Amino acid sequence: MSLKTYENIKSINMRIKSTLGADLELSRSFYIKGELSNMSYSGKNIFFTLKDETGEIPCAVWNYASFGIKRDFKNGQAVLVRGSIDVWPNKGAYKLIATGISLDGEGKLAEEFERLKAKLEAEGLFDEIHKKPLPAFPKTVGIVTSKDGEAINDIVNMAYSKNPYIKFIVYPAKVQGIGAPESIVQGIKLLDDMNLDVIIVGRGGGSMEDRWAFNEEIVVRAIFAATTPIISAVGHEQNFHLSDFVADVRAKTPTAAGDMIAINYEEIVSQLYDTKQRLYRQLSNKIDNIRLQVEGFKARIEGASPQRRLENQYKQLELHYSNIKNAIITKYNRYNSYLDNSQIRIRAASPDKILEKRTKEFQVLRDNLTRRITDKYNLSFQEYKLLLSKLHALSPTAKLTHGFGYISHNDNALDSVKDVVKGDMVKLRISDGIIDAVVDNVTEDKITDN
């Protein structure tokens, strides 16, 4: 008997699971009719068997999908179940994992839902190309919902918790029963003509019949025709409506819609603080650049003036530098205080405008600082020129212009009467020429400081 390769049971079941997963008709949600039996509950999980004249199938509703599903179903009731097939490899069992259960009457609505969805989808009403983006900072928001429902409170309370300055305009529409679709359409058209930033269309939870107005074709087409971005916020997360597919954005709940349209006020304040810090760093960099310029001026002055004078001038420059720096810091502190006070008054003003204003103020400070340093340099240069002229006045060459001369004998400086005798030739150098002379007489007469 030859050796063979054997597979374990779990691997076979895993192959079955993979095969079913590749079947798109079974792996994605579909609807199935039948009669309930063996109903049981375990926490939030629901277990039952769905059967008809052709057979039966085990079903389960896990806790994540059980929210919104009624828990008063009874054995023997005819229902429409939405779900998909899953396989348990360890036990070799499969179940229908349900995400929605409705009585057979609601099943007819579900069939109408799928029929109308297919029609509108074929017309392209749900295509992404038609979706309008929500504005980054909505200021005025319209709401089409019942004035008595919880949806309006959920939207407004959530939005105000993030941004208390947003403005709401509410159209009190009828959201269920006869006349509800027409009322919703009228609200959409009226708010769309008001040039608002966003419109929220929705309501709270309820049965499929209660929420059916948001599946009506006239409501879907009204949302599609609107020029204002629209958020659909109907029911709970597991509820889907045709308004969700045609709207520019779907919110899982009315509360989620309020969260979408409200910017976080604290985040804006934080961004302004970051802007303040960036301005401070820019000013610090400018001060460092000015300090380098001052050091450059110092080096140039040291190369052109006496050392002591330069030291005094440098101390004065240091003093002016300190005064200028203190003036900038004082100006910055006043600006910083103004910016801090402005943060509590921010409503819908753009942070870019504030930054632009502060940038202009900084440019004025920079121009003033540059002008003051230039004036100080010119003054120091004039003082240097004055010192240079005084130094020139003390040089021997300059003395020749005041009646003094330079006497030489045999091309050597004559500094004693003992170096010549009567009849010797000497040269007398004065400011504008040389005089040749003959010594006529020599007399010693020593000059003393006394």
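Refer to the preceding data block for the structure.
Residues numbered from 1 in each chain as written. Predicted model: local features only at pLDDT ≥ 70, side-chain atom pairs only at ≥ 80, totals over all residues. Heavy atoms only, no water.

Trainee: Would you take a moment to explain the overall build of the protein chain for this structure?
Mentor: When helices and strands are tallied, the protein chain shows 13 helices and 14 strands. Going through the 450 residues of the protein chain one by one, you find that 34% of them count as buried. The long-range fraction of contacts in the protein chain, counting pairs at least 24 apart against all pairs at least 6 apart in sequence, stands at 62%. Of the roughly 27,900 Å² of accessible surface on the protein chain, a fraction of 53% belongs to carbon and sulfur atoms. (Helix = DSSP H or I, 4+ residues; strand = E, 2+ residues; numbered from the N terminus. Buried < 20%, exposed > 50% of the residue type's maximum accessible area, 1.4 Å probe, protein only. Contact = heavy atoms within 4.5 Å. Areas by Shrake-Rupley, 256 points an atom, 1.4 Å probe, with all protein chains shown as cover.)

Trainee: What exactly am I supposed to notice about the sheet that holds strand S3 (residues 55–61) here?
Mentor: Think of a sheet as strands paired side by side through backbone hydrogen bonds, with each pair either parallel or antiparallel. One closed barrel accounts for five strands, arranged S1-S2-S3-S5-S4; its pairing is mixed. Sheet twist, expressed as the average angle between the axes of neighbouring strands with direction ignored, equals 50 degrees. With six bridges joining them, strand S1 (residues 30–42) and strand S4 (residues 78–88) adopt antiparallel strand pairing. The residue of S4 that forms the bridge with Ile32 is Val81. (Pairing = 2+ DSSP bridges. Axes fitted to C-alpha atoms, helices over the stretch in contact; angles between N-to-C directions.)

Trainee: Help me understand the pattern of salt bridges, please; the structure alone is not making it clear to me.
Mentor: Pairs can form between side chains of opposite charge whenever their charged atoms are close. Applying the stated criterion to the full structure yields 12 salt bridges. When the shortest N-O distance is used, the salt bridge between Glu112 and Arg115 registers 2.5 Å. Of this pair, Glu112 and Arg115 both sit in helix H4 (residues 104–123), three residues apart, which is roughly one turn of the helix. Residue Arg115 is classed as partly exposed on the basis of its relative accessible area of 46%. (Salt bridge = Lys/Arg side-chain N within 4 Å of Asp/Glu carboxyl O.)

Trainee: Help me understand the sheet that holds strand S7 (residues 167–172) in this model?
Mentor: A sheet is described by the order of its strands in space; here five strands give the open sequence S7-S6-S8-S9-S10, paired in parallel fashion. Two strands in the sheet have a free side with no partner beyond their single neighbour: S7 and strand S10 (249–250). Pairing of strand S9 (residues 230–234) with S10 involves two bridges; the strand directions are parallel. Within the sheet, the bridge partner assigned to Ser232 lies in S10 and is Arg250. The sheet strands contacting helix H5 (residues 150–162) are strand S6 (140–145), S7 and strand S8 (198–203), and the helix crosses S7 at an angle near 175 degrees.

Trainee: When you look at empty space enclosed by the protein in this model, what are you seeing that I'm missing?
Mentor: Rolled over the atoms, a probe with the dimensions of a water molecule shows which regions are left empty. Taken as a whole, this structure holds one cavity of 30 Å³ or more when the rule is applied. In this structure, the largest cavity encloses a volume near 130 Å³. Taken together, Leu279, Gln282, Leu283, Lys331, Tyr332, Tyr335, Arg358, Glu361, Phe362 and Leu365 make up the lining of the largest cavity. For the lining of the largest cavity, the secondary structure elements donating two or more residues are helix H10 (265–302), helix H11 (307–343) and helix H12 (351–393). (1 Å grid on protein atoms, 1.4 Å probe; cavity = no way out; pocket = protein on both sides within 12 Å on 5 of 7 lines; lining within 4 Å. Points joined across faces, edges and corners; volume = space filled by probe spheres on them.)

Trainee: Any chance you could explain the pairing of strand S2 (residues 45–52) here in plain terms?
Mentor: Within a regular strand, the side chains alternate between the two sheet faces. For S1 and S2, the ladder comprises six bridges, and the chain directions are antiparallel. Bridging from a neighbouring strand, Ser40 pairs with Phe47 of S2. Linking two consecutive strands that pair antiparallel, namely S1 and S2, is a turn of two residues; a positive phi of about 65 degrees is found at Gly43 within it. Between S2 and the antiparallel strand that follows it, S3, lie two residues.

Trainee: Just to check I follow, could you spell out the side chain of Asn215 for this structure?
Mentor: Among the secondary structure elements, Asn215 is positioned in the loop between S8 and helix H7 (217–225). On the basis of relative accessibility, which here comes to 2%, the residue Asn215 falls in the buried class. From its side chain, Asn215 meets the backbone nitrogen of Leu242 in a polar contact 2.8 Å long. For Asn215, the residues in contact, after removing those within four places along its chain, are Phe113, Leu116, His241 and Leu242. (Polar contact = N/O pair within 3.5 Å; in protein donor to acceptor, adjacent residues only side chain to side chain.)

Trainee: I tried to follow the environment of Asn45 on my own but got confused; where do I start?
Mentor: Note that Asn45 resides in strand S2. In sequence terms Asn45 and Val61 are 16 residues apart; their C-alpha atoms lie 5.6 Å from each other. When residues no more than four places from it in sequence are discounted, the contact partners of Asn45 are Ser40, Val61, Trp62, Asn63 and Arg71. Polar side-chain contacts of Asn45 include one of 2.8 Å to the backbone nitrogen of Asn63.

Trainee: Which parts of the structure should I look at to understand the pairing of S7?
Mentor: Strand direction decides the pairing type here: S6 and S7, joined by six bridges, are parallel. If you follow Thr140 over to S7, its bridge partner there is Lys167. For the crossover that starts at S6, traverses H5 and ends in the parallel S7, the hand is right-handed. (Right-handed = clockwise from strand over helix to strand, strands pointing away.)

Trainee: I would appreciate a short explanation of unusual backbone geometry in the present structure.
Mentor: Peptide bonds are trans in most cases, and residues, glycine excluded, mostly fall at negative phi. Its identity as a non-glycine residue notwithstanding, Asn410 has a phi of 55 degrees, on the positive side. Tracing the backbone through its elements, the reader meets Asn410 in the loop between strand S11 (406–409) and strand S12 (412–413). According to the relative accessible area criterion, Asn410 is exposed, its value standing at 59%. With a phi angle near 65 degrees, Asp411 is a residue other than glycine that sits in the positive phi range.

Trainee: What's the story with the layout of surface pockets in this structure? I'm lost.
Mentor: Reported here for the largest pocket is a volume of approximately 820 Å³. As for the largest pocket, its lining consists of 32 residues, and the residues nearest its centre are Arg82, Gly100, Arg211, Gln238 and Asn239. Elements with a minimum of two residues in the lining of the largest pocket: S4, strand S5 (93–103) and H4. Classifying every residue of the lining of the largest pocket gives 11 nonpolar, 13 polar and eight charged. (Nonpolar A, V, L, I, M, F, W, Y, C, P; charged D, E, K, R; others polar.)

Trainee: Teacher, can you tell me more about the nonpolar core here?
Mentor: Most often, soluble globular proteins have nonpolar side chains that are buried together. If you look at the biggest cluster of nonpolar residues, it comprises 34 residues, and the most contacted ones within it are Val144, Ile184, Ile188, Val201 and Ile230. Those elements giving two or more residues to this core turn out to be H4, helix H6 (180–192), S8, H7, S9 and helix H8 (242–246). The contact partners of Ile188, leaving out residues within four places of it in the chain, are Val144, Ile199, Val201, Ala222, Ile223, Ala226 and Ile230. The next biggest cluster of nonpolar side chains, apart from the first, holds 17 residues, and it includes Ile46, Ile57, Val61 and Ala65. (Core = buried A, V, L, I, M, F, W, Y, C linked by side-chain atoms within 4.5 Å.)

Trainee: Can you walk me through the packing of aromatic side chains in this structure?
Mentor: Note on aromatic pairs: each is described by the distance of the centres and the angle between the planes. Tallied over the entire structure, the rule returns seven aromatic pairs. Relative to Trp62, the ring of Phe47 has its centre 5.7 Å away and its plane inclined at 80 degrees; by these criteria the two rings are edge-to-face. Of this pair, Phe47 sits in strand S2 while Trp62 sits in the loop between S3 and helix H3 (63–66), and the two are 15 residues apart along the sequence. Judged by centre distance (5.7 Å) and plane angle (35 degrees), the ring pair of Phe126 and Phe245 falls under tilted. Taken together, the positions of Phe126 in the loop between H4 and S6 and Phe245 in helix H8 put the pair 119 residues apart, joining distant regions of the chain. Note on Phe126: relative accessible area 11%, which makes it buried. Each member of the aromatic cluster is reached from another via a ring pair, and the members are Phe47, Trp62 and Trp88. Over the ring of Trp88 we find Lys95, and its NZ or CZ is 5.1 Å from the ring centre. Looking at Arg250, its charged tip hangs above the ring of Phe240, at a distance of 4.0 Å from the centre. (Phe/Tyr/Trp six-rings, centres within 6.5 Å; stacked < 30°, edge-to-face > 60°. Lys NZ or Arg CZ within 6 Å of the ring centre and 35° of its normal.)

So, to be careful, I would describe these as geometric facts and stop short of saying anything about function.
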